[in-house]
Amino acid sequence: MKIGKVSIPSNLLLGPMAGVTDGAFRKICRQFGLEMSFTEMVSAKGLVYGDKGSHELLSIGEEEHPVGVQIFGSDPDFMARAAVILQERIQYEVLDINMGCPTPKIVKNGDGSKLMTDLPGAQSIVDRVVKVSQKPVTVKIRTGWDETTDYLGFAKGMEAAGAQMITVHGRTRDQMYSGKADWEKIRAVKQALKIPVVGNGDIFTLQEALEKKAFSGVDGIMIARGAQGNPWLIREIVTYFATGEMLPPPTSREIYDVIMTHMALIVEEKGEYRGMVEMRKHISWYIKGMKNAALVRNEINRSRNFEEMHRSLVQLLDIG
Ligand SMILES: Cc1cc2nc3c(=O)[nH]c(=O)nc-3n(C[C@H](O)[C@H](O)[C@H](O)COP(=O)(O)O)c2cc1C
């Protein structure tokens, strides 16, 4: 798959996840063969007003390219200004516009998935951003605000406005994360557009990746929650698509080693205290389904520093 000149031979993307796909996690995923990820969504207004938090979300390592930056907002002027600021300040290859976020805090301002109720407004955002952007502009949508949305018309409108790739999460905003992603609708978008279409929603195993890609005919697939605590899924998918080989699941020792690497990266990025707090959720994902998982989780959540965290992990995962 290609986005503009950016080539992604594995056709696999890591989805943007606020609070999850920070630099540390993106780097871990790249070590497992990922070719392109997206930053957490960043507010266009935050960028324009010089908000420190928004700029912090954009620390991208040298080894992370190609990478996509995702912005959100609904004012075409701010969106275009944000694109210009990004170009001046950081290195990235693709600029993605968030039209899928369902959270009340976002949609109440007309941002995220709310844009799916306003095709002309959404088109003017894409049009304005495309005009100033030297990077390919892509859009991430859902299958509508609710069941009544003309999602095909919306997707075509994004293409007409200049989007060079579109990602479709197969749920409406109404569904939030409930029910199942509708890959029939994703297939319909793929059939209706000329630009690359990426399908997204409920890929948690290699089998699901293969089935959903084959069923929908999409150019690429995006995984998000499936990679939480499981970068091995990325390696499984990339390896299978490249060679047809099926890899065995990781051992406890491998999981432990990756947790340690992840910790080191997150501390480097955010310092020990924040790193430790944020690492708690990642560890609980890494150890999901293992024996002693509940015990380890409790211990980890009680630990006050990395040493204590490390000790509980080693003891309870039975790693010498
Ligand atoms: C914790 C979390 C944060 C997310 N943040 C974003 C975001 O910043 N931008 C975005 O476009 N989608 C975001 N998403 C949606 C995911 O990118 C993806 O579309 C969705 O989770 C469905 O894919 P999955 O079934 O593979 O998880 C987020 C999802 C989760 C679970």
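Draft legend 1. Expanded view of the site of the ligand. In the vicinity of the ligand lie 22 residues, with Gly-15, Met-17, Met-41, Ala-224 and Arg-225 positioned nearest. Looking at the shell around the ligand, its residues break down into 9 nonpolar, 9 polar and 4 charged.

Draft legend 2. A look at the pairing of strand 8 (residues 137-142). For strand 8, the tally of buried residues reaches 6 of 6 residues, placing the bulk of the element in the interior. With burial as the criterion, each face of strand 8 is covered, one bearing Val-137, Val-139 and Ile-141 and the other bearing Thr-138, Lys-140 and Arg-142. Two elements, strand 8 and strand 9 (residues 166-169), share 4 bridges in a ladder whose sense is parallel. Counted as the bridge partner of Arg-142 is His-169 from strand 9. For the crossover that starts at strand 8, traverses helix 7 (residues 151-161) and ends in the parallel strand 9, the hand is right-handed.

Draft legend 3. Representation of the environment of Leu-34 within the structure. Its place among the elements puts Leu-34 in the loop between helix 1 (23-31) and strand 4 (37-38). With 204 residues separating them along the chain, Leu-34 and Val-238 place their C-alpha atoms 7.5 Å apart. Those residues in contact with Leu-34 that sit more than four places away from it in its chain are Leu-12, Leu-14, Cys-29 and Ile-234.

Draft legend 4. Molecular detail of unusual backbone geometry. Across the junction of His-65 and Pro-66, the peptide omega takes the value 0°, indicating a cis bond. Positionally, Pro-66 belongs in the loop between helix 3 (52-56) and strand 6 (67-72). The phi torsion at Asn-11 lies on the positive side, around 60°, for a residue other than glycine. Inspection of the secondary structure puts Asn-11 in the loop between strand 2 (6-7) and strand 3 (12-14).

Draft legend 5. Representation of the environment of Gly-112. Within the element layout of this structure, Gly-112 appears in the loop between helix 5 (104-107) and helix 6 (119-132). Note: C-alpha distance between Gly-112 and Lys-190 (78 residues apart in sequence) is 21 Å. Apart from residues no more than four positions distant in its own chain, Gly-112 is found in contact with Phe-72, Asn-98, Met-99, Gly-100, Cys-101, Pro-102, Ile-106 and Val-107.

Draft legend 6. Seen up close, the packing of helix 8 (residues 183-192) against helix 9 (residues 206-216). One way to put it is that helix 8 packs onto helix 9 with a least axis distance of 8 Å and a crossing angle of 45°. Classified by the angle between their axes, helix 8 and helix 9 sit oblique to one another. Here helix 8 contributes Trp-183, Ile-186, Arg-187 and Lys-190 to the contact with helix 9, which in turn contributes Lys-212, Phe-215 and Ser-216.

Draft legend 7. Highlighting helix 9. Taken as a whole, helix 9 has its buried residues at Ala-209, Lys-212, Lys-213 and Ser-216. End-on view of helix 9: buried residues confined to an arc of 100°, all on one side of the axis. Residues Gln-207 and Ala-214 are exposed on helix 9 and point more than 90 degrees away from its buried face. Just downstream of helix 9 lies Gly-217, where phi reads positive at about 70°.

Draft legend 8. Looking closely at the domain arrangement of the chain. Each assigned domain of the chain is listed here: domain 1 (2-243) and domain 2 (252-316). Centre-to-centre separation of domain 1 and domain 2, based on C-alpha positions: 28 Å. Each partner contributes residues to the interface: domain 1 has 9 residues there, and domain 2 has 10 residues. Across the side of domain 1 that touches domain 2, the residue classes tally to 3 nonpolar, 4 polar and 2 charged.

Draft legend 9. Looking closely at the pairing of strand 9. By the alternation rule, side chains of strand 9 split into Ile-166 and Val-168 and Thr-167 and His-169, which are all buried. Looking at chain direction, strand 9 and strand 10 (residues 197-200) are connected through 4 bridges and run parallel. Of the residues in strand 10, the one forming a bridge with Val-168 is Gly-199. With helix 8 bridging strand 9 and its parallel neighbour strand 10, the resulting β-α-β unit is right-handed.

The rules behind the values
- Starting from 1, residues in each chain are numbered consecutively following that chain's sequence as written.
- Since the coordinates come from a predicted model, pLDDT governs what is reported: local features require at least 70, and pairs of side-chain atoms require 80 or more to be given and counted, while whole-chain, interface and lining totals use all residues.
- Each residue gets a C-beta atom placed from its backbone. Should that atom fall within 6 Å of a molecule or strand, the residue is termed near it.
- Three classes are used, and their members are as follows: Ala, Val, Leu, Ile, Met, Phe, Trp, Tyr, Cys and Pro are nonpolar, Asp, Glu, Lys and Arg are charged, and the others, Gly among them, are polar.
- Neighbour density around each residue's C-beta defines its exposure: 20 or more other C-beta atoms within 10 Å make it buried, 12 or fewer make it exposed, and counts between make it partly exposed, where C-beta atoms are placed from the backbone.
- Runs of E in the DSSP output that reach at least two residues are strands. Runs of H or I that reach at least four are helices, and both are numbered from the N terminus.
- Only strands that DSSP links by at least two bridges are regarded as paired with each other.
- When the strands point away from the viewer, a crossover counts as right-handed if the path from the first strand over the helix to the second runs clockwise.
- Two residues qualify as a contact pair if the distance between their C-beta atoms, derived from the backbone, is within 7 Å.
- Here, axes are lines fitted to C-alpha atoms. For helices the fit covers the stretch in contact, and angles between N-to-C directions go from 0 to 180 degrees.
- With respect to orientation, any angle under 35 degrees is reported as roughly parallel, any angle over 145 as roughly antiparallel, any angle of 65 to 115 as roughly perpendicular, and every other angle as oblique.
- Note that the arc is defined by the directions from the helix axis to the C-beta atoms.
- Source of the domain bounds: an automatic or database domain assignment.

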